[in-house]
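For reference, the chains in residue letters:
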Amino acid sequence: MSEMVKVVNGVTLPLDEDGFLQEPDKWNEQVAEAFASDEGITALTPDHWKVVNYLRDYYLKNKIAPMVRRLCKETGFTVKQIYELFPSGPAKGACKLAGLPKPTGCV
Amino acid sequence: MTYKRVKIEEVSEPAETLSETKKEELVPLPAPYDTPESTPDFKPLDAAAKERYESDLDGTIAISIPKPKDEAEERALVEKFLAGLEKLFRVEDNWTFLQPLLLTMEHCARCHTCSDSCHIYEMSGKNPIYRPAYRSEILRRLYKRFVKKGGGLLSDFRNGKIRLNWQLVARLAELSYRCNLCRRCAQTCPIGVDNGLIGHELRKLFSQELGINSKECHDLGSVQQLRVGSSTGMNALVVKDNIEFIDEDMSDKTGIEVKTPWDKEGADILLIHNAGEILAWPENPGAFGVIFEAAGLSWTMSSEIAGYDSINYGLWYDDAQFARVALHHAQAAKKLKVKKIVLGECGHAHKALTVIADRILTGDLAIPRESALTVLEEIVMGDRLKLDPSRNDFPVTLHDPCNMVRLMGIVEPQRRVLRKIAPRFREMTPHGVDNYCCGGGSGFAIMSGHNFGDWRFQVAGRKKFEQILNAFAGEMDPAIPKYVCAPCSNCKGQLRDLFTYYDLWEKHKVLYGGLVELIVNAMTDAKPGFIEWEWH
């Protein structure tokens, strides 16, 4: 369950009601690690970082999350593998870790 | 165990909750979901959220109404509510819906036929506050007490007691988000009362007068759509880039060359998708491209603001937002001088642009609007594609999106197509105009904050889940892949989240998708295997 805020290294980060970062520019790698333990991920592997970094770069460029299909093509993972890496899936899992705001619209 | 009776006037009385929905009261599901352990428990509401937001309707938070900080603020909000209530009943302020609203206020026989038709009331185990008439009766008493001539104190005696305070206002606001606006109750009322409209009118009052609405539909929905171009946040550059990616992907996958035309003046058709499809289900707009190209249609997409996103969330909560977005849709079509707008597989967009917007799209904006379902029917039934139904040799059932089917009467086109291309197609019970909502209607499919998800999947989506299990009874073996055809983005969002919640794909291989994907899957000119049987 979301706690409305997340404290990472003494910094208090406000969350939305789905537990996404309210201010995506406050993200750093420790934030990803803090979200990872909520997701039940014990340690972030290079495969996790590959997904997180791709999402982060795409977001900074386009101000929106990429299509899942594009994410798969660019990282080489199938949707199933993304779910294995991030049990809550590409949006509620991977995007949250990467500090993206919650995807909007009918997605 | 059953819920205790709740009187109308109790809505104004302080209590922890007016009537909490409990898991043990819910109507049992069919096997293999028939034991308490087979479905998740309700997550308790977070203490911080409970502290900050109103939750004393049923212990669930849908729209995060901040608790007023003092009595003065409460009073100010109640005053605003009263002002909004008066506007609902003035022709200058509510010319669109005043007549059916007045008819509903004046003519309810209290027979409760509507209660039996409501999937939320039924599947909650009959929580009395979810009765369509509970909501309406509160509004009816308020109307007769505070708005209608000859009201006043005598009204309490004649029409039943009601006390207007912040408790009532906050609960009524949340209660307007315990209805999918599917209007099944309106359809069954023997005297034509439209209790389905009441949810809509209340939401409108709250949004337009008090700024209370769902953030997902308003700030991140309509407002973002008018600012950026799409409620998904895609601007014109991003959407073109994404469609180019999809075109390449589809061309590879099918062997049929697709290049989506952008802003082509004088095309016959302006195709507008729910932009969520492009991000979440790219094979849907991709399949449209394959079919339109193979059938040789003259078509285009538009890169204007809202021209590439048929979403119009205002339909569910705010007439002003609704009108703004609808005008953008029509203007995009006018600019390109197309013959008609065709709406992709999105139910609320259908109703919004073809039906409700009809009164504002006059003169030069009266551009014909058509459902993709009839366009597809014409293509498939007119033998304009070579189709091999044996490629769709798996169980298929059809979900009827309320906005297209019950509310617009588009019943047969999608069925004619399915009978032709899906040999193992079977109906749900009931179906057609008697269908049940997916449980995601009226914006719920994009709302999941706080503990609303549990309510959405265990209460609102419960009837549809039951129908789907029954449609595939005897074939739940995961060795048999199954397909729920839901030609609507919002419904698909709900089904995706519903199936995830109950682990239906992993355990029983039930997938969901649109109609166009099944058509392309049967096209012999395309490489086989368009449907990938992968969770998405």
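Everything numeric in this text was worked out from a predicted model, so none of it was measured.

## Concerning the overall build of chain B
Logical step 1: What chain B contains, in helices and strands, is 24 helices and eight strands.
Logical step 2: Rg of the C-alpha trace for chain B: 23 Å, near the compact-globule value of 24 Å for 536 residues, within the 12% margin.
Logical step 3: Taken across its 536 residues, chain B has 64% of its residues classed as buried.
Logical step 4: Residue pairs in contact within chain B that sit at least 24 positions apart in sequence constitute 78% of those at least 6 positions apart.
Logical step 5: A total of about 19,300 Å² of accessible surface is found on chain B, and carbon and sulfur atoms cover 52% of it.
Logical step 6: Averaged over its 68 positive side-chain charges, chain B has a centre that lies 5 Å from the centre of its 75 negative ones.

## Structural notes on the domain arrangement of chain B
Residues and elements named next belong to chain B.
Logical step 1: In terms of domain boundaries, chain B breaks down into domain 1 (8-210), domain 2 (219-377) and domain 3 (386-522).
Logical step 2: One C-alpha centre belongs to domain 2, the other to domain 3, and the line joining them spans 23 Å.
Logical step 3: Contact with domain 2, which involves 27 residues of that partner, is made by 27 residues of domain 3.
Logical step 4: Where domain 2 abuts domain 3, roughly 2,200 Å² becomes buried across the two surfaces, and 72% of that area is made up of carbon and sulfur atoms.
Logical step 5: Our count for the contact surface shared by domain 2 and domain 3 stands at two salt bridges.
Logical step 6: Here domain 2 and domain 3 share nine residue pairs in polar contact (both at pLDDT 80 or more) between them.
Logical step 7: The set of elements that each furnish at least two residues to the side of domain 2 that touches domain 3 consists of helix H13 (275-280), helix H14 (283-294), helix H15 (314-317), helix H17 (347-355) and helix H18 (372-381).
Logical step 8: Considering only residue class, the side of domain 2 that touches domain 3 consists of 13 nonpolar, nine polar and five charged.

## Quick word on the nonpolar core
Logical step 1: In this structure, Ile291, Phe292 and Phe499 of chain B are the most contacted members of the largest nonpolar core, which totals 122 residues.
Logical step 2: Ranked by residue count, the leading element in this core is helix H2 (residues 46-62) of chain A, at seven residues.
Logical step 3: Excluding residues that lie within four positions of it along the chain, isoleucine 291 of chain B makes contacts with Leu376, Ile379, Leu385, Val516, Ile519, Val520 and Met523 of chain B.
Logical step 4: By size, the runner-up hydrophobic cluster in this structure holds 83 residues, among which are Ile138, Trp166, Ile272 and Ala349 of chain B.

## Considerations on a negative patch on the surface
Residue and element names in this part refer to chain B.
Logical step 1: A contiguous patch of negative charge on the surface is contributed by Glu244, Glu248, Asp252 and Glu257.
Logical step 2: If you trace the backbone, glutamate 244 turns up in helix H12 (residues 236-254).
Logical step 3: With a relative accessible area of 46%, glutamate 244 lands in the partly exposed category.

## Some thoughts on the pattern of salt bridges
Pairs can form between side chains of opposite charge once their charged atoms are near each other.
Logical step 1: Within the structure shown, the criterion is met by 50 salt bridges over all chains.
Logical step 2: The shortest N-O distance in the salt bridge between lysine 102 of chain A and aspartate 18 of chain A comes to 3.3 Å. Of this pair, lysine 102 of chain A sits in the segment after helix H5 (89-97) while aspartate 18 of chain A sits in the loop between strand S2 (11-14) and helix H1 (29-38), placing them 84 residues apart in sequence. Both residues of the pair, lysine 102 of chain A and aspartate 18 of chain A, belong to the buried class.
Logical step 3: For the salt bridge of aspartate 364 of chain B with lysine 334 of chain B, the shortest nitrogen-to-oxygen distance reads 2.7 Å. Highlighted residues: aspartate 364 of chain B in the loop between H17 and strand S4 (369-371) and lysine 334 of chain B in helix H16 (residues 319-336), separated in sequence by 30 residues.
Logical step 4: Shared partners join several salt bridges into a network, and the residues in it are Glu9, Arg110, Glu137, Arg140 and Arg141 of chain B.

## Regarding the interface of chain B and chain A
Logical step 1: Contacts between the two partners involve 45 residues from chain B, matched on the other side by 26 residues from chain A.
Logical step 2: Carbon and sulfur atoms make up 54% of the surface buried where chain B meets chain A, a total of about 3,000 Å² over both sides.
Logical step 3: The largest per-residue losses of area from chain B upon contact with chain A belong to Phe245, Leu279 and His450 of chain B, which jointly make up 19% of the total buried on that side.
Logical step 4: At the junction of chain B and chain A, the tally comes to five salt bridges.

## Points about the environment of phenylalanine 89 of chain B
Logical step 1: The topology assignment puts phenylalanine 89 of chain B in the loop between helix H2 (71-88) and helix H3 (98-106).
Logical step 2: The contact partners of phenylalanine 89 of chain B, leaving out residues within four places of it in the chain, are Leu98, Leu101, Leu102, Met105, Tyr143 and Val147 of chain B.

## Focus: the packing of H2 of chain B against helix H8 (residues 166-175) of chain B
All names here are of chain B.
Logical step 1: Contact pair H2 / H8: the axes reach a minimum separation of 9 Å and the direction vectors enclose 60°. With respect to H8, the element H2 is oriented oblique. When you trace H2 past H8, the crossing you get is left-handed. Here Glu74, Leu77, Val78 and Phe81 of H2 come into contact with H8, specifically with Trp166, Val169 and Leu172.
Logical step 2: Broken down by class, the residue content of the contact of H2 with H8 amounts to six nonpolar, no polar and one charged.

## With respect to the confidence of the model for chain A
Logical step 1: Averaged over all residues, the pLDDT of chain A is 91; the fraction at 70 or higher stands at 97%.
Logical step 2: By mean pLDDT, the top-scoring element of chain A is H2 of chain A (96), and the lowest-scoring one is strand S1 (residues 5-8) of chain A (90).

## Comments concerning the side chain of threonine 75 of chain A
Residues and elements named next belong to chain A.
Logical step 1: Checked against the element boundaries, threonine 75 lands in helix H3 (residues 68-75).
Logical step 2: In this structure threonine 75 comes out as buried when scored by relative accessible area, which is 4%.
Logical step 3: Excluding its chain neighbours within four sequence positions, the residues that come into contact with threonine 75 are Lys50, Val51 and Tyr54.

## Digging into the sheet that holds strand S7 (residues 482-485) of chain B
Residues and elements named next belong to chain B.
Logical step 1: Across the sheet, four strands lie side by side as S6-S5-S7-S8; this open sheet has parallel pairing. Edge positions in the sheet fall to strand S6 (425-426) and strand S8 (510-513), since each has one partner strand and no second.
Logical step 2: Bridging between strand S5 (residues 396-398) and S6 involves two bridges; their strand directions are parallel. Following the sheet pairing, threonine 397 is matched in S6 by arginine 426.
Logical step 3: Strand contacts of helix H22 (residues 489-501): S7 and S8, with the helix running at about 165° to S8, the strand carrying the most contacts.

## Remarks on the sheet that holds S4 of chain B
Residues and elements named next belong to chain B.
Logical step 1: Here we have four strands laid out as an open sheet, ordered S2-S1-S3-S4, and parallel in their pairing. Each of the sheet's edge strands pairs with one partner strand only, and the pair in question is strand S2 (299-300) and S4.
Logical step 2: Of the pairings in the sheet, the one linking strand S1 (residues 269-272) to S2 comprises two bridges and is parallel in character. By the bridge assignment, leucine 270 is partnered in S2 with threonine 300.
Logical step 3: On the sheet, H16 packs against S1, S2 and strand S3 (340-343) and is oriented at approximately 150° with respect to S1.

## What to know about helix H11 (residues 218-228) of chain B
Logical step 1: Three or more residues of H11 of chain B are buried, namely His218, Gly221, Ser222, Gln224 and Gln225 of chain B.
Logical step 2: On the buried face of H11 of chain B, the contacting elements are H15 and H16 of chain B.

## With respect to H1 of chain A
Logical step 1: Residues Val31, Ala32, Ala34, Phe35 and Ala36 of chain A constitute the buried set of H1 of chain A.
Logical step 2: Buried-residue contacts for H1 of chain A involve S1, S2, H2 and H5 of chain A.

## Focus on the state of the cysteines
Residue and element names in this part refer to chain B.
Logical step 1: One pass over the structure, following the stated rule, counts zero disulfides over all chains.
Logical step 2: Of all cysteine sulfurs in the structure, the one in cysteine 402 sits closest to cysteine 182, which takes part in no disulfide; the separation is 4.9 Å.
Logical step 3: Not part of a disulfide, cysteine 437 finds its nearest cysteine sulfur in cysteine 438, a span of 4.4 Å.
Logical step 4: Judged by relative accessible area, which is 2%, cysteine 437 ranks as buried.

What counts, and where the lines are drawn
- Residues numbered from 1 in each chain as written.
- Chains lettered and ligands numbered in written order.
- Predicted model: local features only at pLDDT ≥ 70, side-chain atom pairs only at ≥ 80, totals over all residues.
- Heavy atoms only, no water.
- Helix = DSSP H or I, 4+ residues; strand = E, 2+ residues; numbered from the N terminus.
- Rg over C-alpha atoms; globule rule 2.2 N^0.38 Å.
- Buried < 20%, exposed > 50% of the residue type's maximum accessible area, 1.4 Å probe, protein only.
- Contact = heavy atoms within 4.5 Å.
- Areas by Shrake-Rupley, 256 points an atom, 1.4 Å probe, with all protein chains shown as cover.
- Lys, Arg positive; Asp, Glu negative; His and termini not counted.
- Charge placed at Lys NZ, Arg CZ, Asp CG, Glu CD.
- Domains from an automatic or database assignment.
- Buried area = accessible area lost by both parts, 1.4 Å probe.
- Salt bridge = Lys/Arg side-chain N within 4 Å of Asp/Glu carboxyl O.
- Polar contact = N/O pair within 3.5 Å; in protein donor to acceptor, adjacent residues only side chain to side chain.
- Nonpolar A, V, L, I, M, F, W, Y, C, P; charged D, E, K, R; others polar.
- Core = buried A, V, L, I, M, F, W, Y, C linked by side-chain atoms within 4.5 Å.
- Patch = residues over 30% accessible without salt bridge, like charges linked within 9 Å, V, L, I, M, F, W, Y side chains within 5 Å.
- Axes fitted to C-alpha atoms, helices over the stretch in contact; angles between N-to-C directions.
- Parallel < 35°, antiparallel > 145°, perpendicular 65-115°, else oblique.
- Left-handed = near helix turned anticlockwise from the far one by under 90°.
- pLDDT = per-residue confidence, 0-100.
- Pairing = 2+ DSSP bridges.
- Disulfide = S-S within 2.5 Å.

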